[in-house]
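Results of the structural survey
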Amino acid sequence: MTEKRIIMFNTNTIDKFQQLDTPFYYYDLGILDKTLTACKTAADKYGFHVHYAMKANFNPKVLDRIQAHGFGADCVSGNEVKAAIEHGFDKKSVVFAGVGKSDKEINLALDADIFCFNAESVQELFIINDLAKAKDKVANIAIRINPNVDAHTHHFITTGLDENKFGINIWQLPDVADALRKCSNLQFLGIHFHIGSQITDMEVYKSLCTRINEMQDWFTDHGFTVKVLNTGGGLGVDYHNPDTNSISDFESYFKVFKDFLAIKPGQEVHFELGRALVAQSAALISRVLYVKNGLKKNFLVLDAGMTELIRPMLYQAYHEIENLSRKSKVQSSKSDQAHDLKYDVVGPICESTDCFRKDVDLPESFRGDLIAIRTAGAYAEVMASGYNLRDKVQSIYSE
Ligand code: LLP
């Protein structure tokens, strides 16, 4: 069993933070390594291939670590394909998805001889074929199918329903087969799915397996050899318990696919995990600028806001918020913290939505206190913006 309890901050770390300008992202590379090892070990048990979904975090140090653990790369832009190769990911481990790949991006990926394009429309198939023909190349293709499986996650991060823009709907498969037969510069490799993100209910993946099995039968019945089953990503993390449940249950996750996918001899099973590999390994560290005690509300105004971490504002996402200064002076374990007051924890940006969470239980807090916003390794630093002409957020590392 993988160790679940990993504490991110000790007194030394917090003392070090006191010397630094805030806000910044703090990366605990030890947690990252443990998570990557847990995932790789669980996947290797079944010979599964995992491509890291670079969109979750393309911080160079993070990418180097992930590459060193032997993961492939899952990219959604030409620049991600470029960055993957620059960071040493094997080009034959790069997959390229995206509903709107530009000609320039397709050409870049063709020049890089990547493993596979995950094609998201019939029209895209013809475009990749034309561009490959012009280069006298053959492009490997997986068809991204929209399986109409409900991921039971937040509707903003659901991708596999008929109403979503992603992938090719099942009723369009005859057109896909037709296109593949006509396009001599495409090599059909297999089928690809991705139904959403932050999925914690394994039943959802069982339903996905059932649909994948139906889809591979469809292709086989129509004369195609399905070599690759790419199930996408989406495995969730525990945003409420970052210290006591630090590593997602990769063993159970992969076992679902082992048990419920009808894997044929010679077939490869691929995954594209992002969040579960990186989310718990970083926190956003900021300082309290002002404490506003009102009649109805107390506000903690931080020096970090939606420009540094937009998930709470964009997806109503929950992140644990801790006062590290009070914790370091009084005690070291979060469960011992005296929860004196409730605060709306807000940022400095001129938008009402710039609020990390309302009514957060915290010890009485003061100007200058260090605040950690946890589970900020995925879709966090990479979604930072320069709105209000803010400084680019910095990163520091545990080594
Ligand atoms: N494969 C494809 C085709 C994807 O679109 C995604 C994520 C992944 C794999 C990786 O999914 P993961 O394992 O990370 O769940 N910004 C949002 C999440 C957007 C996910 C986009 N696609 C958030 O902060 O929750």
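The shown structure was predicted, so the numbers you read here are calculated from the model rather than taken from an experiment. (Residues numbered from 1 in each chain as written. Predicted model: local features only at pLDDT ≥ 70, side-chain atom pairs only at ≥ 80, totals over all residues. Heavy atoms only, no water.)

1. Overview of the packing of aromatic side chains
What the rule picks out here adds up to 21 aromatic pairs. Taken together, the ring pairs connect Y46, F48, Y205, Y253, F254, F257 and F271 into an aromatic cluster. Over the face of the ring belonging to F96 we find K101, whose NZ or CZ atom lies 5.6 Å from the ring centre. One residue, R367, lies across the ring of Y290, its end atom 5.4 Å from the ring centre. (Phe/Tyr/Trp six-rings, centres within 6.5 Å; stacked < 30°, edge-to-face > 60°. Lys NZ or Arg CZ within 6 Å of the ring centre and 35° of its normal.)

2. Things to note about helix α8 (residues 202-221)
Over its 20 residues, α8 runs 29 Å from end to end, which matches the ideal 28 Å to within 8%, given 1.5 Å per residue. Those residues of α8 that fall on the buried side of the exposure criterion are V204, Y205, L208, C209, I212, N213, M215, Q216, W218 and F219. Structurally, the start of α8 carries an N-cap: the backbone nitrogen of E203 is 2.9 Å from a side-chain oxygen of D201. One or two positions beyond α8, positive phi appears at G223, with a value near 90°. (Helix = DSSP H or I, 4+ residues; strand = E, 2+ residues; numbered from the N terminus. Expected span 1.5 Å × (residues − 1). Buried < 20%, exposed > 50% of the residue type's maximum accessible area, 1.4 Å probe, protein only. Polar contact = N/O pair within 3.5 Å; in protein donor to acceptor, adjacent residues only side chain to side chain.)

3. Remarks on the pairing of strand β16 (residues 370-373)
Taking every second residue as pointing to the same face, both faces of β16 are buried, with L370 and A372 on one and I371 and I373 on the other. In this sheet, β16 lies alongside strand β11 (residues 282-293) in antiparallel orientation, the contact comprising 4 bridges. Across the sheet, residue S286 finds its bridge partner in β16, namely I371. Where strand β13 (residues 321-323) meets β16, 3 bridges bridge the pair, whose relative direction is antiparallel. Directly across from I321, in β16, lies its bridge partner I373. (Pairing = 2+ DSSP bridges.)

4. Concerning the site of the ligand
Near the ligand, the surroundings consist of 17 residues, among which S197, E272, R311, Y315 and Y379 are the closest. Between R311 and the ligand, the recorded distance is 2.6 Å, taken from a side-chain N or O atom to an oxygen atom. In this structure, an oxygen atom belonging to the ligand sits 2.6 Å away from a side-chain N or O atom of Y379. Within the complex, the protein chains bury 92% of what would otherwise be the 590 Å² of accessible surface of the ligand. The set of elements that each furnish at least two residues to the shell around the ligand consists of β10 (268-273) and α11 (311-315). (Near = heavy atom within 4 Å. Areas by Shrake-Rupley, 256 points an atom, 1.4 Å probe, with all protein chains shown as cover.)

5. Comments concerning the packing of helix α2 (residues 29-44) against helix α3 (residues 60-68)
Angle between the axes and distance between the axes: these two values describe a pair of packed helices. The geometry of α2 relative to α3 is characterised by a closest axis approach of 10 Å and an angle of 35° between their N-to-C directions. Where α2 crosses over α3, the handedness of that crossing is right-handed. Mapping the contact onto sequence places L29, L32, D33 and L36 in α2 and K61, V62, R65 and I66 in α3. Grouping the constituent residues of the contact of α2 with α3 by class yields 5 nonpolar, no polar and 3 charged. (Axes fitted to C-alpha atoms, helices over the stretch in contact; angles between N-to-C directions. Left-handed = near helix turned anticlockwise from the far one by under 90°. Contact = heavy atoms within 4.5 Å. Nonpolar A, V, L, I, M, F, W, Y, C, P; charged D, E, K, R; others polar.)

6. Focus on the side chain of N59
Checked against the element boundaries, N59 lands in the loop between β2 (49-53) and α3. With relative accessibility at 5%, the residue N59 sits in the buried group. There is a polar contact of 3.1 Å between the side chain of N59 and the side chain of E381. Side chain to side chain, N59 and Y397 meet in a polar contact 2.9 Å long. Once residues lying within four places of it in the same chain are set aside, the contact partners of N59 are Y27, E381, S395 and Y397.

Geometry only, nothing functional implied.
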